[in-house]
Amino acid sequence: MRDFIVKIALKLGLYKFLVKIDTYFINKKLCRNFKKYGVETFIHLDEVCRNMGVKMFPIFGTQLGLYRDKGFIPFDNDIDAAVFADQRPDNFVEIMAQGGFKLNKVFYFKEDGRAVIEQYSTENGVHVDIFNVYELSESDYYCYVGRRHETKEWKEANETDGFPCVIWPFEKCELIEKEYFGHKFFMPEKTKEWLQGVFGEDFMTPVKNWTVGERKTRIIHPQERIYRK
């Protein structure tokens, strides 16, 4: 039934409009759950990762909120976290599940099966995106961020040419412990430099509907395509 509705919407040129409406209501629910349970979920995520010997650290919007707002961004609706891919145990997903984090979707490369982004959810309705971090060079790490397909609905894109993605490189540095919400989390020593590379020089100015636009960032647009499962 869903596929039939999508086909009709695409033919009538209503697909993007319907996606916007659906996204609005999904985000509204996510924001409500996040405001209520975000802090306890974030702390629990750190505990689960530490117990398996993995250093979890905030990235993107979550890192920005902690650095700039000393908490979560008021209009955020999920947790953005990262782990070093070479630190992950083989049963990482299984241990996450035991800790109450259910894997919903994975974005990966078909060529080698390498997972780049994993989305988890909890019983309290909080979503967590885990970005796998890799070594780019002697001076930089990097991770991938997925984008919507240029013209296709996600299911068709997934069955054909996949999704575009971008690479966010950031300087290598030590992870140090800093206290937020009465709990110590790992944060990069070069948090300011990381945030400038992602959000631009004006990252300290709150922007609700942030887009890259003309901002000077370190984004790399690779030719690689990622897929979802």
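Note that the structure is a prediction, hence the values are computed from the model and not measured. (Residues numbered from 1 in each chain as written. Predicted model: local features only at pLDDT ≥ 70, side-chain atom pairs only at ≥ 80, totals over all residues. Heavy atoms only, no water.)

Caption draft 1: Quick look at the overall build of the chain. Scanning the chain from N- to C-terminus turns up six helices and 10 strands. Counting only contacts in the chain whose residues sit at least 6 apart along the sequence, the fraction spanning at least 24 positions is 62%. For the chain, the accessible surface area stands at approximately 12900 Å², while carbon and sulfur atoms represent 52% of it. (Helix = DSSP H or I, 4+ residues; strand = E, 2+ residues; numbered from the N terminus. Contact = heavy atoms within 4.5 Å. Areas by Shrake-Rupley, 256 points an atom, 1.4 Å probe, with all protein chains shown as cover.)

Caption draft 2: How the structure looks around empty space enclosed by the protein. One pass over the full model with this rule turns up one cavity of 30 Å³ or more. By volume, the largest cavity is sized at about 40 Å³. Counting residues per element, the lining of the largest cavity draws most heavily on helix α6 (residues 191-199), at four residues. Of the residues contributing to the lining of the largest cavity, the split by class is seven nonpolar, one polar and no charged. (1 Å grid on protein atoms, 1.4 Å probe; cavity = no way out; pocket = protein on both sides within 12 Å on 5 of 7 lines; lining within 4 Å. Points joined across faces, edges and corners; volume = space filled by probe spheres on them. Nonpolar A, V, L, I, M, F, W, Y, C, P; charged D, E, K, R; others polar.)

Caption draft 3: Geometry of the packing of aromatic side chains. Applying the stated criterion across every chain, the model contains 16 aromatic pairs. Pairing Phe-84 with Tyr-141 gives two aromatic rings, centres 4.9 Å apart and planes at 55°, and the pair type is tilted. Of this pair, Phe-84 sits in strand β2 (residues 78-84) while Tyr-141 is found in strand β6 (residues 140-146), placing the two residues 57 residues apart along the sequence. Tyr-141 gets classed as buried once you look at its relative accessible area, which sits at 16%. Site record: aromatic cluster; members linked through ring pairs are Phe-34, Phe-42, Phe-72, Phe-181 and Phe-185. Here Lys-110 stacks its cationic end above the ring of Tyr-227, 4.2 Å away from the centre of that ring. Above the ring of Tyr-134, the side-chain terminus of Arg-114 is found at 4.9 Å from the ring centroid. (Phe/Tyr/Trp six-rings, centres within 6.5 Å; stacked < 30°, edge-to-face > 60°. Buried < 20%, exposed > 50% of the residue type's maximum accessible area, 1.4 Å probe, protein only. Lys NZ or Arg CZ within 6 Å of the ring centre and 35° of its normal.)

Caption draft 4: Just the pairing of strand β9 (residues 183-188), in detail. By the criterion of burial, β9 is predominantly enclosed, with five of the six residues buried. Across six bridges, strand β8 (residues 175-180) lies against β9 in antiparallel orientation. Each residue of the ladder has a partner; that of Ile-176, found in β9, is Met-187. Hairpin geometry of β8 and β9 is characterised by an intervening segment of two residues between the two adjacent antiparallel strands and by a positive phi of about 55° at Phe-181. (Pairing = 2+ DSSP bridges.)

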